[in-house]
Amino acid sequence: LGEQARALIDFLAAQDHYRAAGREDVAEINLINIATVYRRMGEYAKAREYLQQGRTNAQRDGRWPELFMALVQLGYLDNDTDQPQSAEQHFSQALETAIQRTGIRQDQGNARVGLATALINQKRYRQGLTILEQARADFASLNDGSNEGEILLLQGNARAGLGDHANALRYYEQALPILPRSDNPR
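Owing to the predicted nature of the structure, the values given are computational and were not obtained by experimental measurement.

Novice: What should I look at first to understand helix α3 (residues 44-61) in this one?
Specialist: Quick reminder: α-helices carry 3.6 residues per turn. Residues three or four places apart thus point the same way. Compared with the 26 Å implied by 1.5 Å per residue over 18 residues, the 25 Å span of α3 between its first and last C-alpha is a close match. Turning to α3, its buried residues are Ala-47, Arg-48, Tyr-50, Leu-51, Gly-54, Asn-57 and Ala-58. Buried positions along α3 lie against α1 (4-20), α2 (24-40) and α4 (64-80). Immediately beyond the C-terminal end of α3, within one or two residues, lies Gly-62, with a positive phi of roughly 65 degrees.

Set out below in structure tokens:
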């Protein structure tokens, strides 16, 4: 709903309750939720602190879905703070985790969209376009069109970066009616 401050209060309260109940395992998973809210609020240092802790805990315990989420959120954080090389590393690690550990195509597609964003932000437009087509295939295998607006927008950005302005406009025109219906603020 975009109410990040209220979400943070709820997640912090949940954290206290999990710890009081002796559910340290669930409290560790909740660190990624807290970090995500801090990132969305622009509290980047705090977000990084929680994400690194969440990543360490997930790696230690072999909790692959949580590791995937921590890596993806670190990638978004790096993109938010104009660190595309670090974002590329985190999204690549997330993709590897999704392929080798979770096996979830949705995770693979999401990691590829993030990776493509990092590549496009580094002016590696052709690589970004290739990764976007792979992400589209991941989502298509699940009949999931929820990321199509973002993919089209990124394809437009890449085409514009390549100087292919006519095709960039075509992608932007396709994305325009889709993006307002999306729950994704990116």
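Novice: Explain the pattern of salt bridges to me, please; I cannot follow it from the model alone.
Specialist: In a structure, side chains of opposite charge can pair up when their charged atoms sit close to one another. Under the definition given, this model contains 16 salt bridges. Of the charged contacts, one joins Asp-61 and Arg-63 as a salt bridge, the two residues approaching to 2.7 Å between their closest N and O atoms. For Arg-63, a relative accessible area of 15% corresponds to the buried category. Each member of the salt-bridge network shares a partner with another, and the members are Glu-28, Arg-60, Asp-61, Arg-63 and Glu-66.

Novice: Sorry if this is basic, but what is going on with the side chain of Thr-97 here?
Specialist: Note on placement: Thr-97 falls in helix α5 (residues 84-102). Of the polar contacts made by the side chain of Thr-97, one reaches the backbone oxygen of Gln-93; its length is 2.9 Å. Look past the residues within four positions of Thr-97 in its chain and what remains in contact with it is Trp-64, Leu-67, Phe-68, Leu-71 and Thr-102.

Novice: Any chance you could explain the packing of helix α6 (residues 105-121) against helix α8 (residues 148-161) here in plain terms?
Specialist: Helix packing geometry: the angle between the two helix axes and the distance between the axes. In contact at an axis separation of 10 Å, α6 and α8 are set at 20 degrees when each is read in the N-to-C sense. Considered as vectors, α6 and α8 are oriented roughly parallel to each other. For α6 against α8, the interelement crossing comes out left-handed. Seen from α6, the contacting residues are Val-113, Thr-117 and Ile-120; seen from α8, they are Glu-150, Ile-151, Leu-154, Asn-157 and Ala-158. Its residues assigned to classes, the contact of α6 with α8 comprises 5 nonpolar, 2 polar and 1 charged.

Novice: Even after reading the chapter, I still don't get unusual backbone geometry, so can you show me in this structure?
Specialist: What you tend to see is this: most non-glycine residues have negative phi, and most peptide bonds are trans. The phi dihedral of Asp-82 falls on the positive side, at around 55 degrees, and the residue is not glycine. Considering the arrangement of structural elements, one finds Asp-82 in the loop between α4 and α5. Located in the positive-phi region is Asn-143, a residue other than glycine, with phi close to 55 degrees. Mapped onto the secondary structure, Asn-143 falls in the loop between α7 (125-140) and α8. Asn-143 gets classed as exposed once you look at its relative accessible area, which sits at 75%.

Conventions we followed
Each chain carries its own residue numbering, running from 1 in the written order of its sequence. Reporting in this predicted model follows two pLDDT cut-offs: at least 70 for local features of residues, and 80 or more for side-chain atom pairs to be given and counted; totals over whole chains, interfaces and linings ignore these cut-offs and use all residues. Only heavy atoms go into the side-chain values, all of them from the structure, while hydrogens and water stay out. In this description a helix means any DSSP run of H or I spanning at least four residues, a strand means any run of E spanning at least two, and both kinds are numbered starting from the N terminus. A helix is expected to span 1.5 Å for every residue after the first. Categorising residues by exposure relies on relative accessible area from a 1.4 Å probe, with only protein chains included: less than 20% of the type maximum marks a residue as buried, more than 50% marks it as exposed, and the intermediate range marks it as partly exposed. Only heavy atoms enter the contact rule, under which two residues are in contact if any of them lie within 4.5 Å. Here a salt bridge means any side-chain nitrogen of Lys or Arg lying within 4 Å of a carboxyl oxygen belonging to Asp or Glu. What qualifies as a polar contact is a pair of N or O atoms within 3.5 Å, subject to a donor-acceptor requirement within protein and to the restriction that residues adjacent in sequence count only when both atoms come from side chains. Only the stretch in contact is used when a helix axis is fitted, and all axes are lines through C-alpha atoms; the angle between N-to-C directions ranges over 0 to 180 degrees. Roughly parallel refers to an angle under 35 degrees, roughly antiparallel to one over 145, roughly perpendicular to one between 65 and 115, and oblique to any angle outside these ranges. Rotating anticlockwise by less than a right angle from the far helix to the near helix defines a left-handed crossing, while the corresponding clockwise rotation defines a right-handed one. Just so you know the grouping, Ala, Val, Leu, Ile, Met, Phe, Trp, Tyr, Cys and Pro go in nonpolar, Asp, Glu, Lys and Arg go in charged, and all remaining residues, Gly too, go in polar.

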